[in-house]
Amino acid sequence: MDLRMQGTVVLITGGGRGIGRASALAFGAEDVSVIVADIDLAVAESVAQEVVAKGGRATAVFMDVASESSVEEGIAAGVAVFGRLDHLVLCAGVSGLLGQPFDEIEASAWDDVFAVNVKGQWLPVKYGAKYLRASDQGSVAIIASDSSIVASPLHVPYCTSKGALLMLVRALAVDLRRDNIRVNCVCPSVVNTRMPKIDTGMAESDSFDGSFPVHEASDIANYLVWLSSPVTHTISGHALVADFGFSGESSFPM
Ligand SMILES: NC(=O)c1ccc[n+]([C@@H]2O[C@H](COP(=O)([O-])OP(=O)(O)OC[C@H]3O[C@@H](n4cnc5c(N)ncnc54)[C@H](O)[C@@H]3O)[C@@H](O)[C@H]2O)c1
């Protein structure tokens, strides 16, 4: 299928690792120029080099999505390289406070999770929208989580922050419809990246034991590319749940 994205530009937050890195490679393979944005500039630069080594176009920028000035400066720096911005793909996120009972969590630690996982998804749209308006295929694709719809134990701040993204996506989709900018999200269950490994006490180099289904980061990257492409031009405000069908199961004892 021709996704018809050739010559467009994407900015990917959290692009230095995991789903963001896989997305940078997937967009690069579609002839999309990639701005890799990450709070860890060294890994962002390394991913940009990977995209270029595969024949694509990419640059790296520093960005802390929780900081308004950093987001504004990072987007401006990326657009200065490629001259336009068509797609935002928002993968920067933190797990934060897994295993802590809700009544033992410091309010400041709660705020830290929301600063990245919620405010940090809105700020790139705030500063990217003026560029997306000039595109004929402006789109925003956010990584929410299956934790947006089903809660894992002892993970209240993360699950709540991911639930908030479902409404952020709908509300932004409504406000940006008149500008022909689409806003969607993907809600994956466990993905083979460092985040769930650190969460569960594994080393980054460890493999999951096969007792539950796990996505590869490239699976989620492909869904993000597809939702960003004009092939899905009639879809906005949508949450694509990728959980191997788990959330559809009832408690009926069969
Ligand atoms: N891996 C999973 O099982 C899974 C499942 C569902 C949802 N998600 C979500 O997918 C997204 C990506 O997760 P991942 O598994 O690729 O994680 P990861 O830890 O592999 O990568 C996250 C990247 O985000 C960057 N980052 C963190 N805070 C940042 C900030 N303030 N500003 C800019 N960059 C920042 C990190 O430096 C890192 O490069 C997150 O929002 C996560 O909640 C992950």
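Located above this text is the structure these notes cover.
As the structure is a computational prediction, the values presented were derived from the model and not from experiment.

**Q** Got a sec to walk through the site of the ligand? Specific residues and values, please.
**A** Contacts to the ligand come from 27 residues, most closely from Ile19, Asp38, Tyr158, Val191 and Thr193. Contact between the ligand and Asp64: a nitrogen atom at 2.9 Å from a side-chain N or O atom of the residue. Backbone polar atom of Val65 to a nitrogen atom of the ligand: 3.0 Å apart, as the coordinates give it. Contact with the protein chains hides 95% of the accessible area of the ligand, taken as 840 Å² for the molecule alone.

**Q** Tell me about the pairing of strand β1 (residues 9-13), and name the residues and values.
**A** Among the 5 residues in β1, 5 count as buried, and that is most of the element. Side chains Val9, Leu11 and Thr13 of β1 all project onto a buried face; the interleaved residues Val10 and Ile12 project onto the opposite face, where all are buried too. The pairing of β1 with strand β2 (residues 33-38) spans 5 bridges and is parallel. Looking across to β2, one finds that Thr13 is bridged to Ala37. Following the backbone out of β1, through helix α1 (residues 18-29) and into the adjacent parallel β2, one traces a crossover that is right-handed. Alignment of β1 against strand β4 (residues 87-90), held across 4 bridges, turns out to be parallel. Within β4, the position partnered with Val10 by the bridge is His87.

Analysis parameters
- Residues numbered from 1 in each chain as written.
- Predicted model: local features only at pLDDT ≥ 70, side-chain atom pairs only at ≥ 80, totals over all residues.
- Heavy atoms only, no water.
- Near = heavy atom within 4 Å.
- Polar contact = N/O pair within 3.5 Å; in protein donor to acceptor, adjacent residues only side chain to side chain.
- Areas by Shrake-Rupley, 256 points an atom, 1.4 Å probe, with all protein chains shown as cover.
- Buried < 20%, exposed > 50% of the residue type's maximum accessible area, 1.4 Å probe, protein only.
- Helix = DSSP H or I, 4+ residues; strand = E, 2+ residues; numbered from the N terminus.
- Pairing = 2+ DSSP bridges.
- Right-handed = clockwise from strand over helix to strand, strands pointing away.

Function cannot be read off these values alone, since they describe shape.
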